[in-house]
Amino acid sequence: MAAQGSRPQASRSPRAAELRLLDAAAEWKERGACHGRNDDAMFPDSNREQKVAAQFCQLRCEVQTECLSYALEADERWGVWGGTTERERERLRRRAQGRAE
Ligand code: SF4
């Protein structure tokens, strides 16, 4: 337990990093245009429906950048995030891997 008056030390464990990422995501998720909508709307099955959902993000959402950053960092493979479809994020991941090699 931290002594009174001292700041708690930030943990460097991967689990703590994951929890910080989720905490940060909770803040912007509440401001997302999809907040409160049926979850299925952002997890459509067909590529065509995903493109429609991605357009919704691009036209209506003020936290598109935060959402896409989160999805890439958390490696979200399914659904529409930050105005991108699953295929578009896969392309971004491959491009980033190509640059890292
Ligand atoms: S960018 Fe799209 S998926 Fe992300 S919070 Fe906004 S509306 Fe929801």
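Residues numbered from 1 in each chain as written. Predicted model: local features only at pLDDT ≥ 70, side-chain atom pairs only at ≥ 80, totals over all residues.

Within the chain, the regular secondary structure consists of 4 helices and 0 strands. Beginning at the N terminus, the succession of helices and strands in the chain can be written as α-α-α-α. Taking all 101 residues of the chain together, the buried fraction comes to 15%. Put simply, 53% of the contacts in the chain that link residues at least 6 apart link residues at least 24 apart. (Helix = DSSP H or I, 4+ residues; strand = E, 2+ residues; numbered from the N terminus. Buried ≥ 20, exposed ≤ 12 C-beta atoms within 10 Å, placed from the backbone. Contact = placed C-beta atoms within 7 Å.)

Within the structure, the ligand sits among 13 residues, and Gly32, Cys34, Cys57, Cys61 and Cys67 are positioned closest to it. Classifying every residue of the shell around the ligand gives 9 nonpolar, 4 polar and no charged. (Near = placed C-beta within 6 Å. Nonpolar A, V, L, I, M, F, W, Y, C, P; charged D, E, K, R; others polar.)

Listed in full, the 8 residues of the largest apolar core are Ala53, Ala54, Cys57, Val63, Cys67, Ala71, Val80 and Trp81. Among residues more than four places away in sequence, those in contact with Ala53 are Ala41, Met42, Pro44 and Val80. (Core = buried A, V, L, I, M, F, W, Y, C linked by C-beta atoms within 7 Å.)

Here we take up unusual backbone geometry. The residue Asp75 is not glycine, and still its phi comes out positive at about 55 degrees. Positionally, Asp75 belongs in the loop between helix H3 (64-73) and helix H4 (86-100). Accessibility expressed as a C-beta count within 10 Å gives 8 for Asp75, which makes it exposed.

The residue Ala33 is located in the loop between helix H1 (14-29) and helix H2 (47-60) in this model. C-beta crowding within 10 Å serves as the criterion here: with 15 such atoms nearby, Ala33 is assigned to the partly exposed category. On a C-alpha basis, the gap between Ala33 and Glu62 in space is 7.4 Å, while along the polypeptide they are 29 residues apart. Apart from the residues lying within four places of it in its own chain, the contact partners of Ala33 are Phe56, Cys57, Arg60 and Cys61.

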